[in-house]
Amino acid sequence: MSDTTISLTGKVVIQFGGTGLLGRALVKSLASAGAILVVASRNRAALQSLADTERAAGRQVFIEETDIGSEASLASLRDRVLAKHGRVDGIVFNAVSRPMRTMNDDLKIWRESMETNATGFFATCRVFGDAMAKQGGGSIVNIASIYGMVGSNLALYEGTTMTTAPDYFFHKGGMINLTRYLASHYGAQKVRVNVVSPGGIYNPRPLRPRNSSTDTTRSRCSAANCRRRGCASASACNPAANCCWRALRCSARYHKVARASCRIRQAWRPAELLLRAKCKLIGG
């Protein structure tokens, strides 16, 4: 599906979080749709080259420093944007802090995560929701995750360096339901509040080093078994090898994991996610 028919021309949009894989794609997509885009981040240097590239293409992208953990910093950002652009038509909240790594992390790391991902998220929505309500309307689009809706399937990450941490599930689930509350709160004031919950977005990660003396995963799917099941070779049975669909015919558990991983990867293309986000900004 093409997103060329969507126009945000003249709309002043603030995006929170732009340094990651999805954040950078959002910057490019919103800017190409014609938005006057203000990207708010604690790290101006990390975004400067992207902003320069977009401006060289004739798009309006500005970088502003802010700390979403500080309400005073958010209020200062609001005042700077209003002074420079006259209004705020929408915000996209894509910011996330991921200090936690495992269930066994110290509770102070959990609290650190909540300071940004829960308190900071609420403060951002309130500061800019109130500003848009005062001016007569606007739009808030929050970027959550499928992991705000379902539990983790740890088998998907076998053989990779990726992990899942409990704080992420907590604050993404909270984001979804708080969005419902905010939609009720601001709806009468013509401020729309929506949430997008994408599944996995393809981002290759390195496999963990294999220990041939203990790791028997590959041996469970021998070359003979693979050929019998329809795979070209045992080496094709690797979930990191671009989702080899012939390998997925193998019955070994390893390949069932690969199949689930591939389905998640194929379920969401960045362009489709960006299209949904932009539709919500303009009222779709």
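Overview of the structure. Note that the coordinates shown come from a computational prediction; the quantities given were computed from them, not determined experimentally.

1. Focus: the packing of aromatic side chains
Tallying each qualifying case throughout the model produces 5 aromatic pairs. Following the ring pairs from residue to residue traces out a cluster consisting of F16, F93, F121 and F128. Positioned over the ring face of Y168 is R98, at 4.0 Å from the centre of the ring.

2. Brief notes about unusual backbone geometry
Even without glycine at this site, K190 takes up a positive phi of about 65 degrees. Along the chain, K190 falls in the loop between α5 (166-187) and β6 (191-196).

3. Some remarks on the pairing of strand β2 (residues 36-41)
For β2, a buried count of 6 out of 6 residues is recorded, marking the element as mostly surrounded by other parts of the structure. Both strand β1 (residues 12-16) and β2 contribute to a ladder of 5 bridges, which runs parallel. Counterpart to V13 in the pairing with β2 is L37. Between the parallel pair β1 and β2, the chain is carried across by helix α1 (residues 21-32), and the sense of this crossover is right-handed. The sheet contact formed by β2 and strand β3 (residues 61-65) spans 5 bridges and is parallel. Of the residues in β3, the one forming a bridge with L37 is V61. Between the parallel pair β2 and β3, the chain is carried across by helix α2 (residues 44-56), and the sense of this crossover is right-handed.

4. A few points about the packing of α1 against α2
Helix-helix packing is described using two parameters, namely the angle between the two axes and the distance between the axes. Relative to each other, α1 and α2 sit at 25 degrees, their axes nearing to 11 Å. With respect to α2, the element α1 is oriented roughly parallel. Along this stretch, α1 crosses α2, giving a crossing that reads as right-handed. Packed against α1, whose contacting residues are R24, V27, K28 and A31, the element α2 presents A46, L50 and E54 at the interface. The residue makeup of the contact of α1 with α2, split by class, is 4 nonpolar, no polar and 3 charged.

5. Here we look at the side chain of S113
Relative to the helices and strands, S113 resides in helix α4 (residues 107-135). A polar contact is formed between the side chain of S113 and the side chain of D167, at a distance of 2.7 Å. Leaving out residues up to four positions away in the same chain, S113 has contacts with S97, P99, A118, D167 and H171.

6. Here we look at the environment of A75
Here A75 lies in helix α3 (residues 71-85). Along the backbone, A75 and A123 are 48 residues apart, and their C-alpha atoms lie at a distance of 9.6 Å.

7. Here's the deal with α4
Over its 29 residues, α4 extends 41 Å from the first C-alpha to the last, a length consistent with the 42 Å expected when each residue adds 1.5 Å. Roughly 40 degrees is the biggest bend found in α4, and it falls at M114. Among the residues of α4, the N-terminal cap falls to D106, whose side-chain oxygen and the backbone nitrogen of K108 are separated by 2.9 Å. Once α4 finishes, G136 follows within two positions and takes phi at roughly 110 degrees, a positive value.

8. Considerations on α3
For α3, spanning 15 residues, the distance from its first C-alpha to its last is 21 Å, which sits close to the expected 21 Å at 1.5 Å a residue. Restricting attention to buried positions, one finds in α3 the residues S73, L74, A75, L77 and V81. Where the residues of α3 are buried, they touch β1, β2, β3 and α4. Among the residues trailing α3, G86 stands out with phi positive, at a value near 90 degrees.

Here is what the cut-offs are and how they apply
- Residues numbered from 1 in each chain as written.
- Predicted model: local features only at pLDDT ≥ 70, side-chain atom pairs only at ≥ 80, totals over all residues.
- Heavy atoms only, no water.
- Phe/Tyr/Trp six-rings, centres within 6.5 Å; stacked < 30°, edge-to-face > 60°.
- Lys NZ or Arg CZ within 6 Å of the ring centre and 35° of its normal.
- Helix = DSSP H or I, 4+ residues; strand = E, 2+ residues; numbered from the N terminus.
- Buried < 20%, exposed > 50% of the residue type's maximum accessible area, 1.4 Å probe, protein only.
- Pairing = 2+ DSSP bridges.
- Right-handed = clockwise from strand over helix to strand, strands pointing away.
- Axes fitted to C-alpha atoms, helices over the stretch in contact; angles between N-to-C directions.
- Parallel < 35°, antiparallel > 145°, perpendicular 65-115°, else oblique.
- Left-handed = near helix turned anticlockwise from the far one by under 90°.
- Contact = heavy atoms within 4.5 Å.
- Nonpolar A, V, L, I, M, F, W, Y, C, P; charged D, E, K, R; others polar.
- Polar contact = N/O pair within 3.5 Å; in protein donor to acceptor, adjacent residues only side chain to side chain.
- Expected span 1.5 Å × (residues − 1).
- Bend = angle between axes of the 7 residues up to and from the residue.

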